[in-house]
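Structural characterization, general
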Amino acid sequence: MNTNKNDTAFTVDLTNCDKEPIHIPGFVQPHGVLLAIKEPELTILQVSNNTYNCLGFHPEELLNQPLRKLLESEQIDFLNDCLTQEDIQIVNPVEFTIKTFQEPIIFDGIIHRSNGVVILELEPAILEKNNNYFRFYHLVKLAIGKLQSTKTVTEISQIIVTEVRRITGFDRVMFYRFDRDWNGIVIAEDKQEHLPSYLDLHYPASDIPTPARKLYSQNWLRLIPDADYQAAAIVPTNNPLTDEPLDLSGSVLRSVSPCHIEYLHNMGVKASMSISIIKNNKLWGLIACHHQTPKYVPYEIRHACEFLGQVTSLEIATKEDNEDSESKIEIKSVLAKLVEYMSAEKSFIDGLINKQPNILNLVNAQGAAICFNKELYLLGNTPEKQDIQNLLLWIHNNIDEDIFYTDSLSQVYPEAEKFKDVASGLIALSISKTQNKYVLWFRPEEVQTVNWGGNPNQPVEVSENGGLHLSPRKSFELWKEIVRLKSLPWKSYEVNAAAELRGAIITVVLRKIDELAKLNTELERSNKELDAFAYIASHDLKEPLRGIHNYSNFLIEDYSENLDEEGKDKLRTLIRLTQRMEDLIDSLLQFSRLGRVDMSMQPTDLNAVVHRILDLLSARIEETGVEIRIPRQLPIVYCDRIQVGEVFSNLISNAIKYNDKTEKWIEIGYIEASDPVIFYVRDNGIGIREKHFDVIFRIFKRLHGPSKYGGGTGAGLTITKKIVERHDGKIWVESNYGEGSTFYFTLQKDN
Amino acid sequence: MIGNSAQPILVIEDSDEDFEALRRVMYRQQVLNPIFRCTDGDEALDYLYHTGAYSDPQTSPRPSLILLDLNLPGTDGRELLQQVKQDENLKNIPVIVFTTSANPRDIEICYRNSVASYILKPIDINRLKQTLQSFLTYWLDIVVLPDTVGR
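Residues numbered from 1 in each chain as written. Chains lettered and ligands numbered in written order. Predicted model: local features only at pLDDT ≥ 70, side-chain atom pairs only at ≥ 80, totals over all residues. Heavy atoms only, no water.

A word on the overall build of chain A
Each helix and strand counted, chain A has 20 helices and 30 strands in total. Counting the 751 residues in chain A, one finds 48% classified as buried. The contacts of chain A with a sequence gap of at least 6 include a subset with a gap of at least 24, amounting to 65%. Carbon and sulfur atoms make up 51% of the accessible area of chain A, which amounts to about 38600 Å² in all. (Helix = DSSP H or I, 4+ residues; strand = E, 2+ residues; numbered from the N terminus. Buried < 20%, exposed > 50% of the residue type's maximum accessible area, 1.4 Å probe, protein only. Contact = heavy atoms within 4.5 Å. Areas by Shrake-Rupley, 256 points an atom, 1.4 Å probe, with all protein chains shown as cover.)

Side note on the nonpolar core
Residues and elements named next belong to chain A. Grouped together as the largest cluster of nonpolar side chains are 40 residues, with contacts concentrated most on Leu606, Phe648, Ile652, Ile666, Ile696, Phe743 and Phe745. Looking at this core, the elements that each hand over two or more residues are α17 (606–616), β26 (636–640), α19 (641–657), β27 (665–671), β28 (678–683), α20 (716–726), β29 (731–736) and β30 (740–745). If you tally residues by element for this core, the top one is α19, at seven residues. Core analysis: the second largest hydrophobic core is formed by 33 residues, Val334, Leu362, Ala497 and Leu501 among them. (Core = buried A, V, L, I, M, F, W, Y, C linked by side-chain atoms within 4.5 Å.)

Some remarks on the pattern of salt bridges
Residue and element names in this part refer to chain B. In total, this model carries 44 salt bridges over all chains according to the counting rule given. As a salt-bridge pair, Asp16 and Arg37 come within 3.0 Å of each other at their nearest N and O atoms. Placement of Asp16 in helix α1 (residues 16–29) and of Arg37 in strand β2 (residues 35–38) is noted, with a sequence separation of 21 residues between them. Of the charged contacts, one joins Lys121 and Asp69 as a salt bridge, the two residues approaching to 3.6 Å between their closest N and O atoms. (Salt bridge = Lys/Arg side-chain N within 4 Å of Asp/Glu carboxyl O.)

Topic: unusual backbone geometry
Residues and elements named next belong to chain A. The amide bond that connects Glu39 to the next residue, Pro40, takes the cis arrangement and shows omega of 0°. Mapping Pro40 onto the fold places it in the loop between β2 (33–38) and β3 (43–48). Residue Asp675 is joined to Pro676 through a cis peptide bond whose omega torsion reads 0°. Within the fold, Pro676 resides in the loop between β27 and β28. Despite not being glycine, Asn280 shows a phi value in the positive range, around 50°. With respect to the secondary-structure elements, Asn280 resides in the loop between β14 (271–279) and β15 (282–291). One non-glycine residue, Asn281, adopts positive backbone phi at about 60°. Accessibility expressed as a relative area gives 77% for Asn281, which makes it exposed.

Observations concerning the sheet that holds β29 of chain A
Residues and elements named next belong to chain A. Spatially, β25-β27-β28-β30-β29 is the arrangement adopted by the five strands of the open sheet, whose pairing is mixed. Looking along the sheet, the strands with just one partner apiece sit at the ends: β25 (627–629) and β29. For this sheet, the mean angle separating the axes of adjacent strands, direction not counted, is 15°. Strand direction decides the pairing type here: β25 and β27, joined by three bridges, are parallel. Note on β27: the bridge partner recorded for Arg629 is Glu667. Sheet strands in contact with α19 are β27, β28 and β30, and its direction is about 145° off that of β27. (Pairing = 2+ DSSP bridges. Axes fitted to C-alpha atoms, helices over the stretch in contact; angles between N-to-C directions.)

Focus: the interface of chain A and chain B
Interface size, as often reported, equals the accessible area lost upon joining of the parts. Listed by partner, the interface residues are 15 residues for chain A and 16 residues for chain B. Summing both sides of the interface, chain A and chain B together bury roughly 1100 Å²; the carbon and sulfur share of this comes to 37%. Sorting the residues of chain A by area buried against chain B places Arg689, Lys691 and Lys701 of chain A first, and these three jointly supply 31% of that buried surface. At the boundary of chain A and chain B, one finds six salt bridges. Residue Asp42 of chain B pairs with Lys691 of chain A through a salt bridge whose shortest N-O separation is 3.8 Å. Joining chain A to chain B, the criterion identifies nine residue pairs in polar contact (both at pLDDT 80 or more). In terms of residue class, the side of chain A that touches chain B is built from three nonpolar, five polar and seven charged. (Buried area = accessible area lost by both parts, 1.4 Å probe. Polar contact = N/O pair within 3.5 Å; in protein donor to acceptor, adjacent residues only side chain to side chain. Nonpolar A, V, L, I, M, F, W, Y, C, P; charged D, E, K, R; others polar.)

Section: the packing of aromatic side chains
All names here are of chain A. In total, this model carries 17 aromatic pairs over all chains according to the counting rule given. Note on Trp394 and Phe404: the rings are 6.3 Å apart at their centroids and 65° apart in plane angle, and the pair reads as edge-to-face. Of this pair, Trp394 sits in helix α11 (residues 385–398) while Phe404 sits in strand β18 (residues 403–406), and the two are ten residues apart along the sequence. Of the two residues, Trp394 and Phe404, neither departs from the other in class, the shared state being buried. Here the aromatic cluster, defined as three or more aromatic residues joined through ring pairs, consists of Phe648, Tyr670, Phe679 and Phe745. Cation over ring: Arg172 sits above Tyr198, and NZ or CZ is 3.7 Å from the ring centre. Its guanidinium or amino end placed over the ring of Tyr670, Arg632 lies 4.5 Å from that ring's centre, counting from NZ or CZ. (Phe/Tyr/Trp six-rings, centres within 6.5 Å; stacked < 30°, edge-to-face > 60°. Lys NZ or Arg CZ within 6 Å of the ring centre and 35° of its normal.)

Considering the pairing of strand β6 (residues 117–124) of chain A
Residues and elements named next belong to chain A. Here β6 lies mainly inside the structure; seven of its eight residues are buried. As paired strands, β2 and β6 are joined by five bridges and run antiparallel to one another. Note on β6: the bridge partner recorded for Val33 is Leu122. Judged from the eight bridges that link them, strand β5 (residues 104–114) and β6 form a sheet pairing that is antiparallel. Residue pairing across strands places Arg113 opposite Val118, the latter belonging to β6. If you look at the hairpin formed by β5 and β6, you'll find two residues sitting between the two strands, and Asn115 has a positive phi there, around 45°.

Quick look at the confidence of the model for chain A
Residues and elements named next belong to chain A. Residues with a pLDDT of 70 or more make up 91% of chain A, whose mean pLDDT is 84. When pLDDT is averaged over each element of chain A, β28 comes out on top at 96 and strand β23 (residues 468–469) at the bottom at 38. Every residue in residues 454–478 scores below 50 in pLDDT, and together they form 44 contacts with partners more than four places removed in sequence or on other chains. (pLDDT = per-residue confidence, 0-100.)

Thoughts on the sheet that holds strand β1 (residues 27–28) of chain A
Residues and elements named next belong to chain A. If you walk across this open sheet you meet the seven strands as β1-β11-β3-β2-β6-β5-β4, and the pairing is antiparallel. With one partner strand each, in any of the chains shown, β1 and β4 (94–99) form the two edges of the open sheet. Two elements, β3 and strand β11 (residues 232–235), share two bridges in a ladder whose sense is antiparallel. The residue of β11 that forms the bridge with Val47 is Val235.

Brief notes about α1 of chain B
All names here are of chain B. Its 14 residues give α1 an end-to-end C-alpha distance of 20 Å, which sits within 8% of 20 Å, the value for a rise of 1.5 Å per residue. Considered for burial, the residues of α1 that qualify are Phe19, Ala21, Leu22, Val25, Met26 and Gln29. Within α1, the buried residues cover an arc of 155° as seen down the axis, which keeps them to one side. Along α1, the residues that are exposed and aim more than 90 degrees away from the buried face are Tyr27 and Arg28. Of the surrounding secondary structure, the elements contacted by the buried residues of α1 are β1 (9–12), β2, β3 (65–68) and α5 (125–142). Downstream of α1 by a residue or two, Gln30 has a phi angle that is positive, lying close to 55°. (Expected span 1.5 Å × (residues − 1). Arc of directions from axis to C-beta.)

Details of the pairing of β11 of chain A
One ladder, built from two bridges, connects β1 of chain A with β11 of chain A; its direction is antiparallel. Bridge assignment links Val28 of chain A to a residue of β11 of chain A, and that residue is Ala232 of chain A.

Description of the environment of Leu68 of chain B
All names here are of chain B. Topologically, Leu68 is positioned in strand β3. Along the backbone, Leu68 and Glu13 are 55 residues apart, and their C-alpha atoms lie at a distance of 6.6 Å. For Leu68, the contacting residues outside a window of four places in its chain are Ile12, Gly77, Leu80, Leu81, Val95, Ile96, Val97 and Phe98.

Following this line, the structure appears as structure tokens:
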């Protein structure tokens, strides 16, 4: 930040607590003395201006003086030894005896370095050392024994507050735990009986602003012996070497933020102490001690408390992880089952939702949705399909991560408020963003009974005399609303399990694709066999057929004198049947080969195609006297000329065949401005009942007996349809029974 | 001589040759019953409901027995059977399926639709004759068919 280095006049007005530079207050609490010392000559650079009260020297008598002025040379030597230690704080506290104007006083010297200077803080030692050490050992030993006998986080919390209160004698000791958003809740408490209980009270994150949290995670312990203290200024304000204010982040005497003082006032607290609980390098909670009257805690006891805080931190981390370990094992086994189901089922989605356990069990959700290949599969309690579609669109446009989760969806996606009852919490797992493949999990709103200790949106009340007042606060409604739109938080192992599922799905899907490729190879092979079968059918079956056909003809030729008309008729029937059989075999062969014949696509003038077909059919046309109408020139289209010729041939010959009118006509044309172009062949023939519109395209399915309308194999329309579909087109029929039919088809994909 | 001249039989059969074979056996057995033939399903429906070409109940009387081929042009034999058995007026006419299809699915569907008998058409001419003779004797001489008089 490019701020004026001399600007220490940061005005704290209770609305900017979050920005207050509390690590450089320029003041200390007056129960001890702070000295900033230059190395290696140990010259005093800065002092707190309460030196006269504590040491009997005015600040100006000490500034720029060697430290020798205060300490005997052997103490200086000892200090020098300490300063060469790698971790200088390990020696704290150093016992110093200082010759004040009256008599030597024993101080606890607490040293650390800050921006290149040594900070020495001196607090008058109150306890006798020997006794003190004796107590430390016993206090800590007892407490640690109790802590280690606990099983749960709750038990640890209760024991540590009881022990800390026993050791320190504070009126009230609370265990304050942070949630993910830094709101706090009091999870354990030990207090004087007459005091009101704060147990289970929640506090908004703003009660402990970011800079304060930062300092809590840097220092294990913080003491304010008297909130009504008169702060002692550091003189000079800035370090004369660097011209910067002294960074007191690590100082035990650091002056308290006015915000915090006000806060303590409002709670009726005169002295406070807090011990940080840190898990995985992150502030997890605080042991907060309050006293209604000023209370000084000697360094040794603070030291014991700090140590207990560290032990508690370790225990909490282990216990919390252990508390989840059963759930974690459970979830591992769910994941293993899901992978097994996915592999076993034809569709992996069946494996995820149709078995027990299912994907709900994986993350302890109440609802889930899988969006795959444009289909939406739902499980449990979910929002409406349309709501999910909208949500997916939002996720697609706004979320880049493979996995996204929130326990308060409506905060990022306000529309979610309307389905808060099923989906206040969301995990969105993207399997493939480009193909819109997602798995979503939902958790309902969890309306908790929350006892708020304060409203973060209105931390200040103006009292009648115009003064600012922090609590008790009254308007919690808005804050409660935010809390109402929340689900239970997703635990990290649940989110991890979801992420692991992603890998499993991708693996399974890839394997299925692999299997599909194998199936395709298999299919190709069986197609080839079918091909062979069709050839056998056309050649080998035809051989005996030809025999029957020929011998029937021989019979008529050679024995016609010996046969009466009935006998000859039976032989003619035989010949007719062999021809019919041959037609059937040919159609079958043609149909089976159609799919595998390569297409020869080229720009084709359909007029030429249609006229060629009409030439081929000219005998039938003349015979039936059918009128062919082509209202306008047909277009040039990109297609296979031979196959499309087959289409027209089939449709026109059907139109000729199925017509019992005296004035027969057929119209061949296309619909103007249709895209893709829709061609049609229309007739005024016998028509088709609507219920048969679909079945006429089925192979060998005929609508009339073989002796009616010149017979037929029933393969023509099937072949036609296949050709049209090979051009990515569609074919359909419109007809009025008895009045005529129109067959429509296209030769390219729909737009 | 077998059968009863007051009990018409409706044969629904698209193959002329198969019908011819049936007619031959009937002729030899001297069947008394009048025989009516439809060549496809739609025609059979017209016959049974007296629509289209069969609007006159005198010339197309209600059959006492239906002999049905399954693979028919137009409306399929399976569909036809279902429709007949769902019709309150027609459902008591015994329907005998006479087909080349040995598909177990067809057999199951037909019996589920209360077919009276399911008979396969044998390829061998002697067996065909035997089958048809047994069938005709059984259904026209032994079985009591629902009375059609007065309908």
